[in-house]
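Fold and contact review
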Amino acid sequence: VQLQASGGGLVQAGGSLRLSCQASGRTFSDYAMGWFRQAPGKEREFVGGIMWRGGNTYYPNSVKGRFTISRDNAKNTVYLEMNSLKPEDTAIYYCAARRPAILTTPKSYNYWGQGTQVTVSS
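A short tour of the structure in this document, coming up. Just so it is clear, the structure is predicted and the values come from calculations on it, not from any experiment. (Residues numbered from 1 in each chain as written. Predicted model: local features only at pLDDT ≥ 70, side-chain atom pairs only at ≥ 80, totals over all residues. Heavy atoms only, no water.)

**Here we look at the nonpolar core**
The line we're drawing: What is meant by a nonpolar core is a set of buried Ala, Val, Leu, Ile, Met, Phe, Trp, Tyr and Cys residues, joined one to another through side-chain atoms within 4.5 Å. Three exposure classes are used, based on accessible area relative to the maximum for each residue type with a 1.4 Å probe and protein chains only: buried under 20%, partly exposed in between, and exposed over 50%. Secondary structure elements are taken from DSSP: a helix is a run of H or I of four residues or more, a strand is a run of E of two residues or more, and numbering for both begins at the N terminus. Whether two residues are in contact is decided by their heavy atoms: any pair within 4.5 Å suffices.
In this structure, Met33, Trp35, Leu80 and Met82 are the most contacted members of the largest nonpolar core, which totals 29 residues. Among the elements of the structure, β1 (2-6), β3 (17-24), β4 (32-38), β5 (45-51), β7 (67-72), β8 (77-82), β9 (91-98) and β11 (116-121) are those that each provide at least two residues to this core. For Met33, the residues in contact, after removing those within four places along its chain, are Leu3, Cys21, Phe28, Gly48, Gly49, Ile50, Trp52, Val78, Ala96, Ala97 and Tyr109. Residues Met51, Ala96, Ile102 and Tyr109 belong to the second largest nonpolar core, which totals seven residues.

This is how it looks when you write it as structure tokens:
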């Protein structure tokens, strides 16, 4: 099983960025996909999740209304659209997979991508 995260970069505050997570190696139809982030010196933080089957999503209050997760079943890819970015969104962003449901704790996830750096300048 492989998860490949991409799309990070440098963006100004107020800008937008879309991250991608391509999954391979198995069928993920019964999996939940989560996005997490980790800033230097901080714990890994859940920023949202999506059910591969059905597309139900869940977001914490910290990003609700700014972040949107979607998926493309044909491409086996999950996206994290981030809008109105703030300097405090700066972190390494990871995608992860587990089944059967979305959970917010990192240790609940079995598979992880390598992470992609997002830097938001003020």
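**A look at the sheet that holds β3**
Let me state the cut-off plainly: By the convention used here, strands pair only if DSSP detects at least 2 bridges between them. Axis lines are fitted through C-alpha atoms, for helices just across the contact stretch, and the angle between N-to-C directions can take any value from 0 to 180 degrees.
Strands sit in the order β1-β3-β8-β7 across an open sheet of four strands; the sheet is antiparallel. Two strands in the sheet have a free side with no partner beyond their single neighbour: β1 and β7. Each strand of the sheet is rotated relative to its neighbour by a mean of 15°, with strand direction disregarded. Pairing between β7 and β8: six bridges, direction antiparallel. Its bridge partner lying in β8, Thr68 is registered against Glu81.

**Observations regarding the packing of aromatic side chains**
The criterion, for reference: For this analysis, a ring pair means two rings from Phe, Tyr or Trp (six-membered ring only for Trp) whose centres lie within 6.5 Å, classed as stacked if their planes differ by under 30 degrees, edge-to-face if by over 60, and tilted for the remaining angles. In this analysis the charged atom, NZ for Lys or CZ for Arg, is taken to sit over a ring once it is within 6 Å of the ring centre and within 35 degrees of the ring normal.
Counted under the stated rule, the structure contains nine aromatic pairs. Judged by centre distance (5.2 Å) and plane angle (65°), the rings of Phe28 and Tyr31 are edge-to-face. Exposure remark for Tyr31: the relative accessible area of 3% places this residue in the buried category. Ring-pair connections join several aromatic residues into one group, and the members of that group are Phe36, Phe46, Tyr58, Tyr94, Tyr109 and Trp112. Cation over ring: Arg18 sits above Tyr79, and NZ or CZ is 4.2 Å from the ring centre.

**So, the pattern of salt bridges**
So the rule is basically this: We count a salt bridge whenever a side-chain nitrogen from Lys or Arg sits within 4 Å of a carboxyl oxygen from Asp or Glu.
On inspection of all chains with the given rule, the structure shows four salt bridges. The partner of Asp30 in a salt bridge is Arg99, and the shortest N-O contact between them spans 3.0 Å. Of this pair, Asp30 sits in the loop between β3 and β4 while Arg99 sits in the loop between β9 and β10 (111-112), and the two are 69 residues apart along the sequence. Classification of Asp30 by relative accessible area gives partly exposed; the value is 27%. Each of the salt bridges in this network shares a partner with another, and the network as a whole consists of Arg37, Glu45, Arg66 and Asp89.

**A closer look at the state of the cysteines**
Convention followed: When two cysteine sulfur atoms lie within 2.5 Å, the pair is treated as a disulfide.
Counted according to the given criterion, the structure contains one disulfide. Sulfur-sulfur distance for the disulfide between Cys21 and Cys95 comes to 2.1 Å. Its torsion about the S-S bond being 70°, the disulfide of Cys21 and Cys95 is classed as right-handed. Separated by 74 residues along the polypeptide, Cys21 in strand β3 and Cys95 in strand β9 bring together distant segments of the chain. Summarising the burial analysis for this pair, Cys21 and Cys95 share the class buried.

Worth remembering: the numbers are spatial, not functional.
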